[in-house]
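Architecture at a glance
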Amino acid sequence: MAKNVLVTGSSRGIGRETAILLAKEGYNVAINYNKSEDKAKEVLEECLSYGVKAIAIKADVSDFKAVEKMFVNIIEEFGSIDILINNAGIAVAKQFQDYDPSEWHEIIGTNLNGMYHCAYFALKDMMKRHEGVIINLSSIFGITGAAMEVPYSTSKGAVIAFTKSLAREFGYSGIRINSVAPGGIDTDMVANVKDDDLDAFLEEVPLGRLGKPIEIANLISFLVSDKASYITGQIISPNGGWLI
Ligand code: NAP
């Protein structure tokens, strides 16, 4: 029977590519978005074209009640949730002293609390069957830290501890939880980086280029599959050799 997956933040970027790849591979896909309704509809159409079940749901992952409603909707449509890809995230780059406190709370609220909200409801359902898989998108900055990205890096570092702790707690229940911590990937999130800064960055990347969203989606597809059945609690960083 086809497994049911939720990909948060799948209207664009890595989430979009992941939702489409998993639909191609035969999973039923719940597409989540916050602002980009038209783009989410395009992803929905493409997923449906592979003959699987698919739905698109608007929900701000930083809002506990909205996430609760999204899961009620998914369970009504699909019956269960087997796989959660906690992907939705935002980044704002500036000097630490220049962040308004509301920006700090928005970044932590989306990147960290959002993952907590979704894992909370997904695990409730997964525990009924004692099986399931969760992938949390961290970032290389969650490992190394990054100047001009303190709140983002803080949220992504916390996602790593969150992943390891959940894996220790839920492994005994047959649920695998891993994190993917990419380097620079060619999406809207890096679209505003100035050419000079990008060139300087790429000089430090042995593969000499940004990653493509599909390269992250391919890793996620492996991690959620039975081929990765003995992998849990791991932080895997596809980064072109930037961090070795
Ligand atoms: P992106 O292209 O900017 O897309 C972000 C996605 O997240 C969009 O679909 C957006 O949906 C959704 N989103 C944002 N806030 C949301 C909220 N409050 N509720 C629900 N959805 C929300 O970003 P990306 O590069 O694909 O990044 C995806 C994940 O990978 C993020 O967690 C990011 O931190 C991580 N990552 C990215 C890179 C990189 O270089 N790109 C590197 C390391 C880690 P709407 O447009 O509908 O709001």
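Below you will find a few notes about this structure. (Residues numbered from 1 in each chain as written. Predicted model: local features only at pLDDT ≥ 70, side-chain atom pairs only at ≥ 80, totals over all residues. Heavy atoms only, no water.)

With that out of the way, let us pick up the pattern of salt bridges. Where charged atoms from two side chains of opposite charge come close, those side chains can pair. Taken as a whole and assessed by the stated rule, the structure comprises nine salt bridges. Here Arg 16 makes a salt bridge to Glu 17, at a shortest N to O gap of 4.0 Å. By relative accessible area, Glu 17 is classed as partly exposed at 24%. The salt bridge partner of Lys 41 is Glu 37, with a shortest N-O separation of 3.5 Å. A residue pair is termed a helical-turn pair when its members lie 3 or 4 positions apart in one helix, as Lys 41 and Glu 37 do in helix H2 (residues 37–48) at four residues. (Salt bridge = Lys/Arg side-chain N within 4 Å of Asp/Glu carboxyl O. Buried < 20%, exposed > 50% of the residue type's maximum accessible area, 1.4 Å probe, protein only. Helix = DSSP H or I, 4+ residues; strand = E, 2+ residues; numbered from the N terminus.)

What follows concerns unusual backbone geometry. Most peptide bonds are trans, and most residues other than glycine sit at a negative phi. Despite not being glycine, His 130 shows a phi value in the positive range, around 55°. Examined against the element boundaries, His 130 turns out to sit in the loop between helix H4 (101–129) and strand S5 (132–137). Judged by its relative accessible area of 46%, His 130 falls in the partly exposed class. Backbone geometry places Met 148, a non-glycine residue, at a positive phi of 70°. Relative to the helices and strands, Met 148 resides in the loop between helix H5 (140–144) and helix H6 (150–170). For Met 148, a relative accessible area of 41% translates into the label partly exposed.

Bringing a negative patch on the surface into the picture now. Together, Asp 195, Asp 196, Asp 197, Asp 199, Glu 203 and Glu 204 make up a region of like negative charge exposed at the surface. Tracing the backbone through its elements, the reader meets Asp 197 in helix H7 (residues 195–203). Given a relative accessible area of 44%, Asp 197 falls into the partly exposed group. (Patch = residues over 30% accessible without salt bridge, like charges linked within 9 Å, V, L, I, M, F, W, Y side chains within 5 Å. Areas by Shrake-Rupley, 256 points an atom, 1.4 Å probe, with all protein chains shown as cover. Lys, Arg positive; Asp, Glu negative; His and termini not counted. Charge placed at Lys NZ, Arg CZ, Asp CG, Glu CD.)

Here the focus is the site of the ligand. Near the ligand there are 32 residues, and of these Ser 11, Ser 36, Asn 87, Tyr 152 and Thr 187 occur at the shortest range. Measuring from an oxygen atom of the ligand, one finds a backbone N or O atom of Ile 14 at 2.8 Å. Between the ligand and the protein, one listed contact pairs an oxygen atom with a backbone N or O atom of Asn 87 at 2.7 Å. Within the complex, 95% of the 900 Å² of free accessible area of the ligand lies under protein. Of all the elements in the fold, those that place two or more residues in the shell around the ligand are helix H1 (13–24), strand S2 (28–33) and H6. (Near = heavy atom within 4 Å. Polar contact = N/O pair within 3.5 Å; in protein donor to acceptor, adjacent residues only side chain to side chain.)

Don't take any of this as a statement about function, it's just geometry.
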